[in-house]
Amino acid sequence: MPPAISVYMVRDDFETEAKIASFLVSNNLPFSLSDQLTPLLKTMPPKSVLDKVRLGKQKVVDVVRQGLGPNYQQKVVEEMKVRSFSLVIDETTDVGTVKQLAVYVSFCNNEMETDIDVTDFVECSKGSAVSIFTKLEDTLEFLRVSEVP
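Note that the structure is predicted; figures quoted are calculated from it, not measured.

Conventions and cut-offs
Residues numbered from 1 in each chain as written. Predicted model: local features only at pLDDT ≥ 70, side-chain atom pairs only at ≥ 80, totals over all residues. Heavy atoms only, no water. Helix = DSSP H or I, 4+ residues; strand = E, 2+ residues; numbered from the N terminus. Buried < 20%, exposed > 50% of the residue type's maximum accessible area, 1.4 Å probe, protein only. Contact = heavy atoms within 4.5 Å. Areas by Shrake-Rupley, 256 points an atom, 1.4 Å probe, with all protein chains shown as cover. 1 Å grid on protein atoms, 1.4 Å probe; cavity = no way out; pocket = protein on both sides within 12 Å on 5 of 7 lines; lining within 4 Å. Points joined across faces, edges and corners; volume = space filled by probe spheres on them. Nonpolar A, V, L, I, M, F, W, Y, C, P; charged D, E, K, R; others polar. Patch = residues over 30% accessible without salt bridge, like charges linked within 9 Å, V, L, I, M, F, W, Y side chains within 5 Å. Salt bridge = Lys/Arg side-chain N within 4 Å of Asp/Glu carboxyl O.

Novice: Before we move on, could you go through the overall build of the protein chain and cite the residues and values that matter?
Specialist: The secondary structure content of the protein chain amounts to 6 helices and 3 strands. Its helices and strands taken in sequence order, the protein chain reads α-α-α-α-α-β-β-β-α from the N to the C terminus. Buried positions account for 18% of the 149 residues belonging to the protein chain. Counting contacts in the protein chain only where the partners sit at least 6 residues apart, residues at least 24 apart contribute 41% of the total. Summed over all atoms, the accessible surface of the protein chain reaches about 11,100 Å², with 61% contributed by carbon and sulfur.

Novice: Residues and numbers for the layout of surface pockets, please.
Specialist: In this structure, the largest pocket spans a volume of roughly 370 Å³. V64, R65, G69, V118 and F121 are, among the 14 residues lining the largest pocket, the residues nearest its centre. Residue assignment for the lining of the largest pocket shows that the elements contributing at least two residues are α5 (57–82), β2 (99–108) and β3 (114–124). Per-element tally for the lining of the largest pocket: the top contributor is α5, with 8 residues. Residue classes in the lining of the largest pocket are distributed as 9 nonpolar, 3 polar and 2 charged.

Novice: Help me get a handle on a nonpolar patch on the surface, residues and values and all.
Specialist: Nonpolar side chains collect at one region of the surface, where L40, L41, M44, L50, V53, L55, V60, V63, V64 and L68 lie side by side and expose about 790 Å² of accessible area between them. When residues of the nonpolar patch are assigned to their parent elements, the largest contribution, 4 residues, is made by α5. Turning to its location among the elements, M44 is positioned in the loop between α3 (34–42) and α4 (47–50). Classification of M44 as partly exposed rests on a relative accessible area of 36%.

Novice: Quick one: what's the story with the environment of C124, residue by residue and with numbers?
Specialist: Along the polypeptide, C124 turns up in strand β3. According to the relative accessible area criterion, C124 is buried, its value standing at 7%. Each C-alpha atom of the pair C124 and E91 lies 8.6 Å from the other, and the pair is 33 residues apart in sequence. Apart from the residues within four sequence positions on either side, C124 is in contact with K99, Q100, L101, S131 and K135.

Written out as structure tokens, the structure is:
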């Protein structure tokens, strides 16, 4: 085996790069995600701290909805106050058969490209037109109270 290959194969950074690449491939994620993922991983604490992290699917949902979501939503609302936008809705059913309504906001940026953000994500009791419309009304009322034009 040539030395260059064997040296490269035992480097810690190669093993890490291979794990990241395998994660992207096995989860059918775009390779371009590595441009954001790699800098994120570099900000992570040492292994001793990460060993204590317990973050499964349900906890991620809770962290996003209860922790990150409200802050993110407020930033989107502030942007809606100063930029022209349109709303897009999409009803979906997750694997647990819970019906959900995603409300997206679409902005046109200075390069005439579309920027899309999620402004609300709510559970619907049913996927009926009435249920979807009621949830959309709730979102519109929130935006009205938040003084979005």
